[in-house]
Amino acid sequence: MDNIVRGIVGAGKSTPGEGWQPHNEGIYIDVDTTSADFRSDLDTPVYVISLSGTGGTRRMWNALGASTVHEPTDRGFRVYLKHFRDASLPPSQAEEAGWYINWIGVQKVS
């Protein structure tokens, strides 16, 4: 098979309920992926993410943006969330519900 792609694979999660910052009417979090040891001399990793919480799925259904990666690098990325009805989404909601980001990253080597 000549079409096999080799890569570096890493996975992790942000710390539940921590790191959420206000942004306009929503929130954001910077997710650190340095534990994966992705390389800066290769293409930026492709990340797949999801939103979870230690307090169950309480109010996660109203958050838009939970699967969109912004500003990806070999060291991490940013996720922006907002309320689907343009209502306020304060960091305290994410903190109280223990929201965190799960991630899997793959970086092409050859």
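Residues numbered from 1 in each chain as written. Predicted model: local features only at pLDDT ≥ 70, side-chain atom pairs only at ≥ 80, totals over all residues. Heavy atoms only, no water.

Undergrad: Where do I start with the side chain of His83 in this structure?
TA: Along the chain, His83 turns up in strand β7 (residues 76-83). With a relative accessible area of 12%, His83 lands in the buried category. One polar contact links His83 to Asn62, side chain to side chain, over a distance of 3.4 Å. Engagement of the side chain of His83 in a polar contact is seen with the backbone nitrogen of Arg85, the distance being 3.0 Å. The contact partners of His83, leaving out residues within four places of it in the chain, are Asn62, Leu64, Ser88 and Leu89. (Helix = DSSP H or I, 4+ residues; strand = E, 2+ residues; numbered from the N terminus. Buried < 20%, exposed > 50% of the residue type's maximum accessible area, 1.4 Å probe, protein only. Polar contact = N/O pair within 3.5 Å; in protein donor to acceptor, adjacent residues only side chain to side chain. Contact = heavy atoms within 4.5 Å.)

Undergrad: Explain unusual backbone geometry here, please?
TA: Glycine aside, the phi torsion of most residues is negative, and most peptide linkages are trans. Although it is not a glycine, Asn24 sits at a positive phi angle of roughly 50 degrees. For Asn24, the position within the fold is in the loop between β2 (21-23) and β3 (26-32). Asn24 sits in the exposed class, given a relative accessible area of 73%. If you check the backbone angles, Glu71 has positive phi at about 50 degrees while not being a glycine. Its location among the elements puts Glu71 in strand β6 (residues 70-73). The class of Glu71 is exposed, set by a relative accessible area of 51%.

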